[in-house]
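Take a look at the letters that make up each chain.
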Amino acid sequence: MNNSPAFNRCAKLAALFCVASLATALIGFAADKKEEKEPTVIDPGPPPSDAIVLFDGKDLSKWQSAKGAEAKWKLLGDGSMEVNGTGSIMTKEEFGDVQLHVEWATPKEVKGHGQERGNSGVYLQGRYEIQVLDSFENKTYFNGQAGAFYEHNAPLVNASRKPGEWQTYDIIYHPPKAGADGKPVPGSFTVLHNGVLIQDHIPVTGDATRAANFQGIAPKGSLVLQDHGNPVRYRNIWVRRL
Ligand code: MG
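Parameters and conventions
- Residues numbered from 1 in each chain as written.
- Predicted model: local features only at pLDDT ≥ 70, side-chain atom pairs only at ≥ 80, totals over all residues.
- Heavy atoms only, no water.
- Helix = DSSP H or I, 4+ residues; strand = E, 2+ residues; numbered from the N terminus.
- Buried < 20%, exposed > 50% of the residue type's maximum accessible area, 1.4 Å probe, protein only.
- Contact = heavy atoms within 4.5 Å.
- Areas by Shrake-Rupley, 256 points an atom, 1.4 Å probe, with all protein chains shown as cover.
- Pairing = 2+ DSSP bridges.
- Axes fitted to C-alpha atoms, helices over the stretch in contact; angles between N-to-C directions.
- Polar contact = N/O pair within 3.5 Å; in protein donor to acceptor, adjacent residues only side chain to side chain.
- Phe/Tyr/Trp six-rings, centres within 6.5 Å; stacked < 30°, edge-to-face > 60°.
- Donors = N, O, S within 2.8 Å, 3.2 Å for Na, K, Ca; no water.
- Patch = residues over 30% accessible without salt bridge, like charges linked within 9 Å, V, L, I, M, F, W, Y side chains within 5 Å.
- Salt bridge = Lys/Arg side-chain N within 4 Å of Asp/Glu carboxyl O.

Colleague: Pulling in residues and values, what's your account of the overall build of the chain?
Modeller: If you tally the helices and strands in the chain, you get 1 helix and 15 strands. Per-residue burial over the chain gives 41% buried out of 242 residues. Put simply, of all contacts in the chain between residues at least 6 apart along the chain, 65% involve residues at least 24 apart. Surface accessibility of the chain: about 13,500 Å² in total, with carbon and sulfur atoms responsible for 57%.

Colleague: Lay out the sheet that holds strand β5 (residues 89-95) with the relevant residues and their values.
Modeller: In spatial order, the strands read β2-β5-β14-β7-β8; together these 5 strands make up an open sheet with antiparallel pairing. Of all strands in the sheet, those with a lone pairing partner are β2 (63-65) and β8 (128-132), marking the two edges. Here the average twist between neighbouring strands, direction ignored, is 30°. As paired elements, β5 and strand β14 (residues 221-225) share 4 bridges and run antiparallel to each other.

Colleague: How would you sum up the environment of Ser 222? Please name residues and give values.
Modeller: Within the element layout of this structure, Ser 222 appears in strand β14. Counting along the chain gives 132 residues from Ser 222 to Met 90, while the straight-line C-alpha distance between them is 5.9 Å. Once residues lying within four places of it in the same chain are set aside, the contact partners of Ser 222 are Met 90, Thr 91, Glu 93, Glu 94, Tyr 123, Leu 124, Gln 125 and Gly 126. Here the side chain of Ser 222 touches Thr 91 through a polar contact of 2.8 Å, landing on its backbone oxygen.

Colleague: Break down the packing of aromatic side chains for me, citing the residues and quoting the values.
Modeller: A complete count under the given rule lists 7 aromatic pairs for this structure. With 6.3 Å between their ring centres and 40° between their planes, Tyr 128 and Tyr 173 make a pair best called tilted. Of this pair, Tyr 128 sits in strand β8 while Tyr 173 sits in strand β9 (residues 167-174), and the two are 45 residues apart along the sequence. As far as the burial class goes, Tyr 128 and Tyr 173 line up, both buried. When the centroid spacing of 5.0 Å and the interplanar angle of 45° are considered together, the rings of Tyr 173 and Phe 189 count as tilted. Taken as a pair, Tyr 173 in strand β9 and Phe 189 in strand β12 (residues 187-193) lie far apart in primary sequence, 16 residues in all. There is no split in this pair, since Tyr 173 and Phe 189 are both buried. Following the ring pairs from residue to residue traces out a cluster consisting of Tyr 128, Phe 149, Tyr 173 and Phe 189.

Colleague: Describe the environment of Gly 118, and please don't skip the residues or the numbers.
Modeller: Inspection of the secondary structure puts Gly 118 in the loop between β6 (98-105) and β7 (120-124). Classification of Gly 118 by relative accessible area gives buried; the value is 5%. A C-alpha to C-alpha distance of 7.0 Å links Gly 118 and Pro 231, two positions 113 residues apart in sequence. Excluding residues within four positions of it along the chain, Gly 118 makes contact with Thr 106, Pro 107, Val 132, Leu 133, Asp 134, Asn 230 and Val 232.

Colleague: Explain the pairing of strand β13 (residues 196-204) to me, and be specific about the residues and the numbers.
Modeller: In the sheet, β12 pairs with β13 via 6 bridges, with the strands oriented antiparallel. Along β13, the bridge assignment pairs Phe 189 with Ile 202. The turn linking β12 back onto β13 is made up of 2 residues, and Asn 194 within it adopts a positive phi angle of 55°.

Colleague: Which residues make up the pairing of β5, and what values do they have?
Modeller: Pairing of β2 with β5 involves 3 bridges; the strand directions are antiparallel. Counted as the bridge partner of Gln 64 is Met 90 from β5.

Colleague: Now, about the coordination of the magnesium ion: what can you tell me, with residues and values included?
Modeller: Ideal coordination angles are 109.5 degrees for a metal with four donors arranged tetrahedrally and 90 or 180 degrees for a metal with six donors arranged octahedrally. Protein ligation of the magnesium ion involves Asn 119 (OD1), Ser 120 (O), Glu 129 (OE), Gln 131 (OE1) and Gln 226 (OE1), the donor distances falling in the range 2.2 to 2.4 Å. By relative accessible area, Glu 129 is classed as buried at 5%. The class for Gln 226 is buried, based on a relative accessible area of 13%.

Colleague: Quick rundown of a nonpolar patch on the surface? Include the residues and the values.
Modeller: Together, Leu 156, Val 157, Val 196 and Leu 197 give the surface a local cluster of nonpolar side chains, amounting to about 310 Å² of exposed area. With respect to the helices and strands, Val 196 occurs in strand β13.

Here it is in structure tokens:
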């Protein structure tokens, strides 16, 4: 048997190499395992069992006024609430990456035209508005109609139902984030209006526009529903953190 110091050093190095290789293989195996993790089983609902219900018609306990006071929109007793001139409302909880479901209806009785007709809005992080408007046979500027990323991007199609009818938004939102170099990495909006794709992975850059002021990168913010002075109704609002 070779017991020379040089041979022993070689044997130790070989052993170390073996242990390191094994550890690397195990880490790689663990990483693969993570990717192959069995998806969590949920009840799809609606609402899905892993959603946070923000409004189910019973109360406004998840909401507050823009100034942090009690939210005072009118509960109609049929599972919905109505904008009543008491100001926009915002969630007490803050959200970042989300899937959001909102049902809304503009007044059945048509009054005004353009932006005066059934105007409200769903603001992600209190900043970026998906416009709520009665856009059924109601012309306005292209990036201000229902489903527009307000003043930023028009919807792909106008999938509006008639005034007074319930409509849905399903919104997948990712906020802009700070990149490793400190520069903003754009987030995105994907929106379905009444089940129809209207915003297809539109970048949310955080750039300043008149309606969506860039206020710095923030990981989270409240969801806001706009009081624009028109009696728009809302019901069945839930959100899933992504
Ligand atoms: Mg609006």
